[in-house]
There are 2 protein chains.
Amino acid sequence: MSERISDAEHAVMEVLWKRAPMTAMEVAEQVVAEKDWSLQTVKTLLSRLAAKAVVGTERDGRRFLYSPLVERDDYLTGVSRNFVDRLFGGKVTPLVAHLAEADELSADDIREIEELLRELKK
Amino acid sequence: MSERISDAEHAVMEVLWKRAPMTAMEVAEQVVAEKDWSLQTVKTLLSRLAAKAVVGTERDGRRFLYSPLVERDDYLTGVSRNFVDRLFGGKVTPLVAHLAEADELSADDIREIEELLRELKK
DNA sequence: TTTCATCGACTACGGATGTAAACAATATCA
DNA sequence: TGATATTGTTTACATCCGTAGTCGATGAAA
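The following refers to the structure shown.

Calculation criteria
Residues numbered from 1 in each chain as written. Chains lettered and ligands numbered in written order. Predicted model: local features only at pLDDT ≥ 70, side-chain atom pairs only at ≥ 80, totals over all residues. Heavy atoms only, no water. Helix = DSSP H or I, 4+ residues; strand = E, 2+ residues; numbered from the N terminus. Buried < 20%, exposed > 50% of the residue type's maximum accessible area, 1.4 Å probe, protein only. Contact = heavy atoms within 4.5 Å. Areas by Shrake-Rupley, 256 points an atom, 1.4 Å probe, with all protein chains shown as cover. Lys, Arg positive; Asp, Glu negative; His and termini not counted. Charge placed at Lys NZ, Arg CZ, Asp CG, Glu CD. Least-squares fit on C-alpha atoms with pLDDT ≥ 70 in both. Pairing = 2+ DSSP bridges. Buried area = accessible area lost by both parts, 1.4 Å probe. Salt bridge = Lys/Arg side-chain N within 4 Å of Asp/Glu carboxyl O. Polar contact = N/O pair within 3.5 Å; in protein donor to acceptor, adjacent residues only side chain to side chain. Nonpolar A, V, L, I, M, F, W, Y, C, P; charged D, E, K, R; others polar. Phe/Tyr/Trp six-rings, centres within 6.5 Å; stacked < 30°, edge-to-face > 60°.

Some thoughts on the overall build of chain A
Then, number 1: When its secondary structure is counted, chain A shows six helices and three strands.
Then, number 2: For chain A, the C-alpha atoms occupy an extent of roughly 55 × 30 × 30 Å along the three principal directions.
Then, number 3: Buried residues in chain A amount to 40% of all 122 residues.
Then, number 4: Long-range contacts, defined here as pairs at least 24 residues apart, represent 46% of the contacts in chain A between residues at least 6 apart.
Then, number 5: When the accessible surface of chain A is totalled, it reaches about 7,100 Å², and 47% of it is carbon and sulfur.
Then, number 6: Side-chain charges of chain A comprise 18 positive and 23 negative groups, with the mean position of each set lying 5 Å from the other.

If you want it as structure tokens, here you go:
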């Protein structure tokens, strides 16, 4: 279960998560706008995603409409957990600590996160 | 620059980051203790890491001593940034928000992070 | 000095990935 | 109806990755 999504495939998913269903052409146009790939490449990625049942297809006359079968949130959760487990022993605090030390956290970020945590406690 | 470190290679690096320099045998023993790999596999990974100049070698008679050439902290920073960029648009807040929503944050975690942020502001 | 053990180097190999061309089916236009 | 464009399918191929066997050099032991 929960098939692996490669980096390139992920770029395709991001597009589909923004709007769906879409035809291969529509997806490809969006992706090609930011990743310098050929249309064929995007189609291949769509096929692989469909083969893995990460996106679903629905016939629309001569072509297909593609939609994600995996929620972006679920995907993010899986990937994030994996990430935190592998690099920070499964604890989020060390991750935040690390980002802070590496100056990846601005004062604004800190305020935002504090605000967020305050909300959470309610 | 900054060569990619694969998952398997990362396991080897973790061992070297704990103690260095070490001989291939010493590294392999540690790694094999937790990953069910053969000694040869670990040696191959060490060679690849050396080829990428992620670990350095120092001759010690007939064998080599291996040491990391990349700091664990630097590695974590790179990987974390990449992760946050790719999945959360470069912002840490959405990452934390996501982990919270996905119930990956315990009440203790929240307290810890708050404490950490308080420290940071000084 | 012959033999054996050790260690790094080289080779292997299937599967995943990034990237894309070629092809086949089909619909549309002239 | 025949040419053309569109769309999905198949095939390709180099590289990376996980995993490991084998080879050759060299040092140690007999």
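What about the relation of the copies chain B and chain A?
Then, number 1: Once chain B has been moved 0.1 Å along the axis and rotated by 179°, it coincides with chain A to within an RMSD of 0.2 Å. Viewed as a symmetry operation, the transformation between the two copies matches a two-fold axis. When C-alpha positions in chain B are compared against the rotation axis, the closest is assigned to Glu 114 of chain B, at 3.2 Å.
Then, number 2: Both copies share a contact surface, since 100% of the interface residues of chain B are interface residues in chain A too.

As for the sheet that holds strand β1 (residues 22–23) of chain A
All names here are of chain A.
Then, number 1: Spatial strand order, β1-β3-β2: three strands in an open sheet with antiparallel pairing. Sheet topology places β1 and β2 (55–60) at the edges, where each strand pairs with a single neighbour.
Then, number 2: Across six bridges, the pairing between β2 and strand β3 (residues 63–68) is antiparallel. Opposite Glu 58, over in β3, you have Leu 65 as the bridge partner.

Quick word on the environment of Lys 122 of chain A
Then, number 1: Residue position: Lys 122 of chain A is located in the segment after α6 (107–120).
Then, number 2: Separated by 87 residues in sequence, Lys 122 of chain A and Lys 35 of chain A place their C-alpha atoms 42 Å apart.

Description of the interface of chain B and chain A
Then, number 1: Taken together, the contact pairs 37 residues of chain B with 37 residues of chain A.
Then, number 2: Across the interface of chain B and chain A, roughly 3,700 Å² is buried in total on both sides, 66% from carbon and sulfur atoms.
Then, number 3: The largest share of the area that chain B buries against chain A comes from Arg 86, Leu 87 and Leu 117 of chain B, three residues that together contribute 15% of it.
Then, number 4: Inspection of the region where chain B meets chain A yields eight salt bridges.
Then, number 5: Here Arg 86 of chain B and Asp 7 of chain A are joined by a salt bridge, their closest N and O atoms 3.3 Å apart.
Then, number 6: Joining chain B to chain A, the criterion identifies 17 residue pairs in polar contact (both at pLDDT 80 or more).
Then, number 7: A total of twelve residues in the side of chain B that touches chain A trace back to one element, the largest contributor, which is helix α4 (residues 72–88) of chain B.
Then, number 8: In terms of residue class, the side of chain B that touches chain A is made up of 19 nonpolar, five polar and 13 charged.

Describing the packing of aromatic side chains
Then, number 1: Across all of its chains, the model carries seven aromatic pairs over all chains by this definition.
Then, number 2: The interplanar angle of 5° and the centroid separation of 3.9 Å between the aromatic rings of Phe 83 of chain A and Phe 83 of chain B together place this pair among those described as stacked. Placement of Phe 83 of chain A in helix α4 (residues 72–88) and of Phe 83 of chain B in helix α4 is noted, with the two residues assigned to different chains. Across the pair, Phe 83 of chain B and Phe 83 of chain A agree in class, each one buried.

Some points on the side chain of Thr 23 of chain A
Then, number 1: As for its placement among the helices and strands, Thr 23 of chain A is situated in strand β1.
Then, number 2: When neighbours within four sequence positions are excluded, Thr 23 of chain A is seen to be in contact with Arg 63, Phe 64, Leu 65 and Tyr 66 of chain A.

Some thoughts on the pattern of salt bridges
Then, number 1: Enumeration over the complete set of coordinates arrives at 18 salt bridges over all chains.
Then, number 2: Between Glu 9 of chain A and Lys 52 of chain A there is a salt bridge whose closest N-O contact spans 2.6 Å. Taken as a pair, Glu 9 of chain A in helix α1 (residues 7–18) and Lys 52 of chain A in the loop between α3 (39–51) and β2 lie far apart in primary sequence, 43 residues in all.
Then, number 3: Here Glu 114 of chain B and Lys 121 of chain A are joined by a salt bridge, their closest N and O atoms 3.2 Å apart. In this pair, Glu 114 of chain B sits in helix α6 (residues 107–120) while Lys 121 of chain A sits in the segment after α6, so the two residues belong to two different chains.
Then, number 4: The exposure class assigned to Lys 121 of chain A is exposed, which follows from its relative accessible area of 52%.

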